[in-house]
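An overview of the molecular structure
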Amino acid sequence: MAFVQYSGLSLAFGDRDILASVNLNLKTGSRAALAGPNGAGKSTLMKIIAGQIKPDCGEKAVEKGARISYLPQSGIVHQGRSLRSEAETAFSPHAAMIREMEDLGQRLEGISESDPRLAEIVEKHHELSEAVERSGYWRREERIERVLSGLGFGPGDLDRPSGEFSGGWQMRIALAKILLEGADILLLDEPTNYLDIEAREWLKGYLRDFPGGILIVSHDRSFLDAVVSEVYELFGGKLTRYPGNYSQYEERRSKELAGLFEAWERQQEEIQALEDFIRRFRYQASKAALVQSRVKQLEKILPIQIPEGMKRIHFQFPPPPHSGRIALSIENLGRSYGDFSVFSGIDLVLEAGEKLALVGRNGAGKSTLMRIIAGADSGFSGSMRMGAGISVGYFAQESPEALSGEASVEEELEAVAPTHLVPKVRNLLGAFLFRGDDVCKSVSVLSGGERSRLAILKLLLHPTNLLVMDEPTNHLDLTSKDVLLEALSAFPGTLVFVSHDRFFIEGLATKVLELEDGKMRLYPGGYDYYLSRKAAENGGQGENAGMGQSRSANAISAISPASVDANARGDDKQRKAAEKRRAKREAELLERVDSLEVRKTALEEAMALPENYADGEKIKAIKAELQNLEAELGLAMAEWEGLSAE
């Protein structure tokens, strides 16, 4: 069994302890997540385990021959080889083993049976042979194609130069190589950042079947819940283990943090009271002894430290401008590049306040459709009309990368802020987790997550009523995602978005538009409704077809000429009765939809009220009721559409 074990691991940067006597044990079969607030040192710990950074002190024990592979968050570029050849470099150590085996084979040919070195050479040759066989080296072409296909590469990509792929695809190549290396322990730092939903689902399955150990940092709750069975939290330099998946860790940790926040708030009140007393009576001789007593009490207090990334944050979008009932109307929309058609025949009516998620495989045209809606692409066919009073705000995948320069974060925001918001810039930055010295950072040194947060905040400074957001959750940590999800859920305007984070889509979408093979299909419900419809369609199609054929054959054999007239009269009677029932049900559904729409509007208005929004339990209950109502509305609409089609 392969293992890596650290004990008493410590590392400090200046006077700050990043790691303080950390203990960690990873072995074959480990399924561990590494959690903690931004800046806690998760990537640093990964690099120490991978041997890229030396700790100040600590003991390390690694099984002889155990191999560790590490995937960083970003920064890997591949050039000079085709995609297939680049992936094959993952097997380089095994190619070296084969060369060593060949050398040993040549030595065996010239050695006598009485030579004392014979047994040692034979044993070494056998070890190498078994290692190469376990690595899958002889089946490497099949493995390469399977892994690359799972991560979203097509057959036509295999012989493309690796340097042609963009940054996100470069990281997919790096991930593919890590998976192909056949390591005993995998260290994966944000492997899902550049993966779409299909690739994430494939990676889930791959990691569940992986026989070695895994330590993973990810900001995708659904992904972690499916993969890990334990969570290590890095908090204040200490590493604590929590058994169970990520949701179980969050539930247990939230209770612990509630106690920590209460203690912190009590301590803040105590410190404030002591400071007020000292300030008030400092210069009164009769109170000198009491003042000195309070000063000593204040000096003895050991401050409770709460990292900025774990403090409670709430953010609200600026009120959107008023608009008409219809936000967007699209008819027969198509987009082609030369002879290649991305999509065609798109028809869509989006009402104000709806939140539409676009889903589909990479290359299906989601980003293209987003650019058209945002007005950034005019080379389309068909028509697109904005509703009365609609103003569009657009967040593109490239928006964070477009931020550059030596201006500070605060200066960058002040440069685009309306005059009346300039005094509130610091508060806005605080709401988006830029605290203290963070606002003085140069934009050029910001991390991917920080750039994403700043780009979103710049977008929000100018009130809009139609937000078009392409992958806004990329690079955001879980705290930032929660802040954004809460704000977008309460946003009364219209939203069109793409995200590969299932938890985010489930919490936000009221409708789902799927792009597949250049065509669209609209699902009038949330993401759970979309998944259930897809599952029902995929699961029942073959069986229903077979049943239909069987019934048809039986019906044909049962028909006789004498019964045709009677059957026809009976069928006509049944048809009229069915039409009556259908019309009645259609009217009931329309009435039900109207009632649900009225209730939905009332709930959305209630969410915007300060007295509700300030009450965590109340807003949670309203959101839960709204989600249930939206699911019910989706089902009612789907049934009504089915009856209308009939």
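Computed from a predicted structure; not experimentally measured. (Residues numbered from 1 in each chain as written. Predicted model: local features only at pLDDT ≥ 70, side-chain atom pairs only at ≥ 80, totals over all residues. Heavy atoms only, no water.)

Right, let's get into the pattern of salt bridges. Per the counting criterion, the structure on display carries 29 salt bridges. As a salt-bridge pair, Arg84 and Glu145 come within 3.5 Å of each other at their nearest N and O atoms. Placement of the pair is Arg84 in helix H2 (residues 83–88) and Glu145 in helix H5 (residues 140–150), with a sequence separation of 61 residues. Arg84 gets classed as partly exposed once you look at its relative accessible area, which sits at 26%. On the accessibility criterion, Glu145 (40% relative accessible area) is partly exposed. The residue Glu516 makes a salt bridge to Lys534 at a minimum N-O spacing of 3.9 Å. With Glu516 in strand E17 (residues 511–516) and Lys534 in helix H17 (residues 527–558), the pair connects residues that are 18 residues apart, well separated along the chain. Overlapping salt bridges, with partners in common, bring together Arg81, Glu86 and Lys177 in one network. (Salt bridge = Lys/Arg side-chain N within 4 Å of Asp/Glu carboxyl O. Helix = DSSP H or I, 4+ residues; strand = E, 2+ residues; numbered from the N terminus. Buried < 20%, exposed > 50% of the residue type's maximum accessible area, 1.4 Å probe, protein only.)

The six strands lie next to each other as E5-E6-E7-E3-E8-E9, forming an open sheet whose pairing is mixed. The open sheet has two free edges, formed respectively by strand E5 (68–71) and strand E9 (238–243), since each of these has just one partner strand. Direction aside, the axes of adjacent strands within the sheet are offset by 15° on average. Here helix H7 (residues 197–209) sits on the sheet in contact with strand E3 (31–35), strand E6 (185–189) and strand E7 (213–217), set at roughly 125° to E3. Running over the sheet, helix H9 (residues 246–281) touches E3, strand E8 (230–235) and E9 and is turned about 35° from E8. (Pairing = 2+ DSSP bridges. Axes fitted to C-alpha atoms, helices over the stretch in contact; angles between N-to-C directions. Contact = heavy atoms within 4.5 Å.)

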